[in-house]
Every structure is written in structure tokens, then in C-alpha cells.
Amino acid sequence: MIEFRHVAKTYEDGTVAVGDLSLVAPSGEITVLVGSSGCGKTTLLRMVNRLVSPTSGQVLIDDTDVADRNAVELRRSIGYVMQNSGLLPHRTVVDNIATVPVLRGTPVAEARERALELMTTVGLDPAQARRYPWQLSGGQQQRVGVARGLASDPNILLMDEPFGAVDPIVRADLQRELVRLQAELHKTILFVTHDIAEAIALGDRIVILATGGRIAQQGTPTEIMTEPADDFVAQFLGLDSGRALRVDGQLVVDQTGRPVGRLT
Amino acid sequence: MTWVLDNLSTILGAGWAHLWLALPAIVISFLVAVPIAYLANRYRWSRFTVLLAAALLYAIPSLPLFIVLPLVLGTPVRSTTNVIAALGLYGVALMVRYAADALDAVEPDTLLAATAMGYGATRRFLSVQLPLAGPALLAGVRVLSVSTVSLVPVSALLGVNSLGLLLTDGFQRGIVAEVLAGIVATVVVALAVDLGLVALGRLVLPWERARTARSSRKAPAPVEVAA
């Protein structure tokens, strides 16, 4: 369980990224932080593994304040997947995946063996193990990023717009893959995105953030879709326009009458 | 040409001595410049100050430095230590800028990812930032090596053995062939060191080799600027 307790972050230049936020991300679930740029979602995520330290307030993992833990040890115990994969360009795929176990002292041969297994888990061909990251497609790089995040079998996985830079088809593929993985692994995942469709597709819980790290609404996808808390949320969900649908015979149409689906 | 053939052993001996003045100076310059550059990059003011100091240091005329340095170090004027120290000083002045730029050019996202994986500061520097700065550092070291090799002859004015002696001796005795031999041999030493560095680069930067192989396949005439 990850708990944010009255956290705030003001950067040196005076920007308030997060005002005063309290939030719980339950164990074994995917909690999605969603909001447009400047809502502090990445800042919040980075507080968990101490890439950012809150100006005030606490972040707790299973009731232990992360500030009390050694930062390097803490980071090795938390999986981190970022946009554009953040792979080390001078290491082969297999060595990238093995990074954290090797840092934690696992013998290299053993870590590589495990990395090869993980490649299969995330849907990569182990034949690509000896390649360098730039020799892979964007989608494959993200898969490597996910495998690296899982390599030391952490309880917590932080994902910062991990599928933001790939094309929509590959993104949908990666999203399905993550849902499949999560059904097996039951990690506590904190997932950041600006894409509400992605939040709905992945989140057990969704937290909609407004500018300055204010929580506009949180709940399950169904709760949020059926009862948006205010106009901001409704607008963010697109309920005010594109998603306000009506039934016209067998067809489902949007406000302008354009068909978007069929009742079955 | 007959002069060259008659004095081949002298030229080879001078070339060898030349190389062993240049190589230690190059290695020392690199080893000293990289940590300085790393520290300098921490703050805007420190980077500015260090790079300015390096530029001023490089502007000191070489002959006076060869003479003043022994007074500071307490070494004899004609010792090789004195020469190597002076060459090293110029080398550091030159290399600090290259190293600062090379380290600075490493993708911040990659460094952030490394930190997020749980690299400590020292380990991140040694096994992520330094290797990724490798190609740019190598480019700097190649300039450094040419600069150092061509600076060595100045030490001949103090009487220290190097290819520079062929120049001073040739001028004094009016042997044109000797002067030309000195110039050509210096160029040969510079090229040899440069080739050695390129080979070393291919050895320690294997991922770059893969990358250049690709770019030359894709584009027939890649402009792989290394220096």
C-alpha cells in the first residue's frame, strides 16, 4: 500500500506542483493518476521512490515513511518504468533487464538467465537479448522497460506514461499485456497518464488530478463515468461532447449524429 | 634521404623518446581533466570558473612554463618529469572543456533512469555517464593527443631528447634533411597515437561500433565526426 499524507511540493522557482494531497493506492491494484500536464502527477509518482522529495507531508509504503529509508536501497526495491523506456543505450537488452538484480548483488549469469525468462513473460523474443535498445522498435523498447521494472520482483511498480510514445495500436497491445500480467502478478501499480481512455482501460482505481495536484475525483472507472463529480471531470472524461451518446434504432450515435457503435 | 638512412637509429630513438613524453602526459591529462570536469559541471558558476581558468592556463606560453615549472616542482629543468608535467598541464587545460561538454551531453533521461533503478552517485558516474560520454571524450582525447605530440618538440630547446632535437640540431647545423625528418616523424608519431586511440575506442565502446556499422549501411556517406 502506498499512502500520500498531506504531501506538497513547491519547486525552487516557486512553481506549486502539488498543493496538499492525501491519497491511498491499495496493494495489488492499479491506481492511475490522470491529468493534463502541470497537474503534478509525475511529481507525485517520483515522491514514492524519492526522485523528488516533498516540501512537506509524508509518503508511506506499508506504513513506513520512505524518507526514513536509504534512497538507493528504496529505489532498488521499486520497479520504475518511464516514457521512452529510459533504457541504458550502451547495454544490451538482456543486461538492461538484469540491471537492478545485478545492482542488488545477484551474480550476472543468474540475473541474465532470469532476464531471458522475463523477455518471454513480456512478449519479447529471447533471440533479441543481445541487441542494443536502439535496434528495437518503440513498442519493444517499452516491453524491455517493463521487464526491467519487474526484474527484481518488486511489490511496487511505478509507471510514468510508459506507453505514451508509441502508436495507438501498439499502445492498445501493451495495455492488454499489462492487464494480463497484472492478473498473474498482483503488483501494487501506480500508473501516470494524461490519456483518460488509458486510465479507464487499466485502472482499478482512477484519480483525476487538476492543476496544482488537487484531486478532482477518485473512484473506480464505473463510479467516475457514471457520476462525474463536477464539470471539470465531465469535461476531462469528454462526457460533455464526444462521449455523450444516444441510441438511434440499433445504432449508438454521438451528439452530432455520427455513429460510433451498434447495440448487440 | 641519405641523411635519414645514415641516422635512422637516431631518428627512431628520438621518436621513441618523443612518444614516451607524450603518452604519459596524455594519460595524466585525461585522468585529471575528467574528475575536474565532473565537479565543474555541478553548478553554472563552477563550470564557468573552471572553463575560464582552463582557457587562461592554455594561453600561457610554453617555453616560460617549461622553465618556471621546475621552480615550482623542484625538478631539474631538463628532466622528463618536468616536460611531462608541463605537457600534462596544457593537456588538462585543453581536455577539461571537452570532458565537461562530453559529460554534459549525456541524455538527462538516461541518468534519471539510472538513478531510479538504484544506482548510487559514484556507480552511476562510472558505469553510466562516463561510458555514454565515451565517444565525445574520445573525440577530445584525439585532439589532446595531436596537440600534445606537437607540443613536445618545444622541450628540445631545454635539451630534452625528442624529435624536437632533430629540428634544433638541423637548424643549427643547416641540415635541411634533418629538419624535414623531424617534422615528418612528428606527424607519424601523432598519426600512430591517433590510430591507437581509435582502436582503443572500438575496444571499449562496443555499442558504438554496432551503431556506426548500422549508419554506414543505411547511409552510404555518413559524416561520422569523431574529432
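Before going into details, it helps to say that this report is about the structure given with it. For clarity, every value in this text was computed on a predicted model and none was experimentally measured.

## Digging into the nonpolar core
Line of reasoning, step 1. Among the nonpolar cores identified, the biggest contains 89 residues, and A:Phe4, A:Leu44, A:Val48 and A:Leu190 are the most heavily contacted of them.
Line of reasoning, step 2. Residue contributions to this core peak at 14 residues, all from helix H5 (residues 80-104) of chain B.
Line of reasoning, step 3. Other than its neighbours up to four places away in sequence, A:Phe4 contacts A:Leu21, A:Ser22, A:Leu23, A:Leu44, A:Met47, A:Val48, A:Gln58, A:Val59 and A:Leu190.
Line of reasoning, step 4. Ranked by size, the runner-up nonpolar core spans 41 residues in total, among them A:Val32, A:Val34, A:Leu87 and A:Ile196.

## A closer look at the environment of B:Ser62
Line of reasoning, step 1. Tracing the chain through its elements places B:Ser62 in helix H4 (residues 62-73).
Line of reasoning, step 2. For the pair B:Ser62 and B:Ser155, spaced 93 residues apart in the sequence, the C-alpha separation amounts to 8.9 Å.

## Here we look at helix H8 (residues 164-173) of chain B
Working note: α-helix, 3.6 residues per turn, so residues spaced by three or four point in the same direction.
Line of reasoning, step 1. Listed in full, the buried residues belonging to H8(B) are B:Gly164, B:Leu166, B:Leu167, B:Thr168 and B:Gly170.
Line of reasoning, step 2. Of the residues one or two after H8(B), B:Gly174 is the one with positive phi, at around 65°.

## A closer look at a nonpolar patch on the surface
Residues and elements named next belong to chain B.
Line of reasoning, step 1. A contiguous nonpolar patch, built from Val 176, Leu 180, Ile 183, Val 187 and Leu 191 and spanning about 470 Å² of accessible area, is present on the exposed surface.
Line of reasoning, step 2. The topology assignment puts Ile 183 in helix H9 (residues 176-204).
Line of reasoning, step 3. You can call Ile 183 partly exposed: its relative accessible area is 44%.

## Focus: the side chain of B:Thr186
Line of reasoning, step 1. Inspection of the secondary structure puts B:Thr186 in helix H9.
Line of reasoning, step 2. For B:Thr186, the contacting residues outside a window of four places in its chain are B:His18, B:Val149, B:Ser150, B:Pro153 and B:Leu163.

## Quick word on the sheet that holds strand E12 (residues 251-253) of chain A
Residues and elements named next belong to chain A.
Line of reasoning, step 1. Taken together, the three strands give an open sheet; going across it, the order is E11-E12-E13, and neighbouring strands pair in antiparallel fashion. A single partner strand is all that each edge strand has here, and the edge strands are strand E11 (246-248) and strand E13 (259-262). Between one strand and the next, the sheet's axes are offset by a mean angle of 35°, whatever the strand orientation.
Line of reasoning, step 2. Bridge count for E12 against E13 is three bridges, and the pairing is antiparallel. Residue pairing in the sheet places Leu 251 in a bridge with Arg 262 of E13.

## Comments concerning the pattern of salt bridges
Line of reasoning, step 1. For the structure on display, the rule yields 16 salt bridges over all chains.
Line of reasoning, step 2. Among the salt bridges present, the one from B:Asp101 reaches B:Arg47, with a minimum N-O distance of 2.7 Å. Here B:Arg47 lies in helix H3 (residues 44-58) and B:Asp101 lies in helix H5, a separation of 54 residues in the sequence.
Line of reasoning, step 3. Residue B:Arg173 pairs with B:Asp169 through a salt bridge whose shortest N-O separation is 2.9 Å. Separated by four residues within a single helix, B:Arg173 and B:Asp169 lie in helix H8, roughly one turn from each other.
Line of reasoning, step 4. When its relative accessible area of 55% is taken as the criterion, B:Arg173 is described as exposed.
Line of reasoning, step 5. With a relative accessible area of 23%, B:Asp169 lands in the partly exposed category.
Line of reasoning, step 6. Linked through salt bridges whose partners overlap, the residues forming this network are A:Arg143, A:Asp173, A:Arg176, A:Glu177, A:Arg180 and A:Glu184.

Reading guide: rules and limits
Residues numbered from 1 in each chain as written. Chains lettered and ligands numbered in written order. Predicted model: local features only at pLDDT ≥ 70, side-chain atom pairs only at ≥ 80, totals over all residues. Heavy atoms only, no water. Core = buried A, V, L, I, M, F, W, Y, C linked by side-chain atoms within 4.5 Å. Buried < 20%, exposed > 50% of the residue type's maximum accessible area, 1.4 Å probe, protein only. Helix = DSSP H or I, 4+ residues; strand = E, 2+ residues; numbered from the N terminus. Contact = heavy atoms within 4.5 Å. Patch = residues over 30% accessible without salt bridge, like charges linked within 9 Å, V, L, I, M, F, W, Y side chains within 5 Å. Areas by Shrake-Rupley, 256 points an atom, 1.4 Å probe, with all protein chains shown as cover. Salt bridge = Lys/Arg side-chain N within 4 Å of Asp/Glu carboxyl O. Pairing = 2+ DSSP bridges. Axes fitted to C-alpha atoms, helices over the stretch in contact; angles between N-to-C directions.

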